[in-house]
Amino acid sequence: MHEGTISVAELPGGFDMQATVESGQTYLWDRADDGMFEDDHAWGSDAWYHTVLPATFTDTDEPQVIRVRLLDDHVEWEASTPEAPAYLTRLLRLDDDLDAIIDDCPDLPLLERAFTEYRGMRLVRDPPFPCLVSFICSAQMRVERIHGMCMRLAQQYGERVTFDGDTYFAFPTPDQLAAATEADLRDLSLGYRAPYVQRTAEMVATGEADPAHARDLDYEAAREYLTQFVGVGDKVADCVLLFSLDFLEAVPLDTWIQTAIEEYYPDCDGDNYADTSRKIRRQFGDRYAGYAQTYVFFYLRTGGE
DNA sequence: CTCGGCCCTGTCCA
DNA sequence: ATGGACAGGGCCG
């Protein structure tokens, strides 16, 4: 077992592990105490979180396990690989200069409140395929249930990994998921998303399309590219662009943000998705609109005014 | 390009 | 008890 610590003081802008991993950006982490996404757990807990990195992410032969917890002034990690700090930096965007990003965002009262409330929350950088599948599952679903679906997919179809005497499951590869049947996936409570997931996995497995390819395109073209996957519309495409592919300007227009736009920024309420998207990006700042959106989304969803 | 009807499923609430 | 609304949408006609 490899282990070590990362000093929070050296992370520009600080770090809030719980807000980062439980804010609905990612469904690929789990909490050792089984309290993930519970409504009434106390914030600021120092629980252990873990995730399994796909072999493709680490460019190694096997999936790698990483466990992390945040103590007062440092991040403590245990992993199956000595490269954990570098992987954590990628996954949790520990190299983003949060202070500079928040500085760069416009001075809007709602933004200020959200930034103040959850200072230290970072965006995530999930591996592309797991991110794509998890957000296909997210349609009309609560966060706890999306998380449950992803955990069941891993347990059912992913590679089993043993680390430090415990068993973990990697998120399934495109090949592994493509081999599932619609009925199998419905048994995991995916509902009408089951055929979407199966067909999308097949598209990736056969090489017909690759979500990572969207990286090479301009933002709007990238969003369009991702909508070719079954079960992926503009909103899910924006989630993948923002939470996996480094498009920090992407603003997923979900019902929460739609409501916020009507209430706080009615001028941004456009004729269609693309139109509203352009307007809200201008309002939130072209470069980091997605960071602003994620803070606002989480702030509103957790009961902020 | 826009629109409405429809889709799985667990939970909450009248 | 039990049905209808609803939950961070997308597909299809």
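Residues numbered from 1 in each chain as written. Chains lettered and ligands numbered in written order. Predicted model: local features only at pLDDT ≥ 70, side-chain atom pairs only at ≥ 80, totals over all residues. Heavy atoms only, no water.

- In the annotation of an unreviewed UniProt entry, chain A is listed under the name DNA-(apurinic or apyrimidinic site) lyase and assigned to Halosegnis longus.
- Regarding chain A, the relevant UniProt record gives this comment under Sequence similarities (unreviewed entry): "Belongs to the type-1 OGG1 family." (UniProt positions renumbered as here; feature names shortened; annotations may be inferred.)

## Looking at the protein's contact with DNA strand C
At step 1: As a matter of local geometry, DNA strand C sits amid 24 residues, with Gly24, Gln140, Tyr192, Val236 and Phe297 nearest to it.
At step 2: The contact atoms of DNA strand C, taken as those within 4 Å of the protein, divide so that sugar and phosphate hold 52%.
At step 3: Within the side chain of Trp256, one N or O atom sits 3.5 Å away from a phosphate oxygen of DNA strand C.
At step 4: Elements with a minimum of two residues in the surface near DNA strand C: helix 12 (234–243), helix 13 (255–264) and helix 15 (289–301).
At step 5: Among the elements that make up the surface near DNA strand C, the one with the highest residue count is helix 12 (3 residues). (Near = heavy atom within 4 Å. Polar contact = N/O pair within 3.5 Å; in protein donor to acceptor, adjacent residues only side chain to side chain. Helix = DSSP H or I, 4+ residues; strand = E, 2+ residues; numbered from the N terminus.)

## What to know about unusual backbone geometry
Peptide bonds are mostly trans, and most non-glycine residues show a negative phi.
At step 1: Even without being a glycine, Arg93 presents a positive backbone phi close to 50 degrees.
At step 2: Within the chain, Asp246 stands out as a residue other than glycine whose phi angle is a positive 70 degrees.
At step 3: Here Asp246 is to be found in the loop between helix 12 and helix 13.
At step 4: Look at Asp246 and you get partly exposed, because its relative accessible area is 32%. (Buried < 20%, exposed > 50% of the residue type's maximum accessible area, 1.4 Å probe, protein only.)

## Comments concerning the UniProt feature "domain: HhH-GPD" (unreviewed entry) in chain A
At step 1: On the UniProt side, "domain: HhH-GPD" (unreviewed entry) is annotated at positions that read residues 137–301 here.
At step 2: Measuring from the first to the last C-alpha atom of residues 137–301 gives 19 Å, for a span that is 56% helix and 5% strand.

## Remarks on the nonpolar core
At step 1: In this structure, Trp29, Leu92, Leu153, Leu185 and Leu226 are the most contacted members of the largest nonpolar core, which totals 105 residues.
At step 2: Here this core gets 9 residues from one element, more than from any other, and that element is helix 15.
At step 3: For Trp29, the residues in contact, after removing those within four places along its chain, are Met17, Val21, Met36, Tyr49, His50, Thr51, Val68, Leu88, Leu91, Leu92, His147 and Met151.
At step 4: Counting 6 residues, the second-largest nonpolar core is a separate cluster that includes Val65, Val161, Phe163 and Tyr168. (Core = buried A, V, L, I, M, F, W, Y, C linked by side-chain atoms within 4.5 Å. Contact = heavy atoms within 4.5 Å.)

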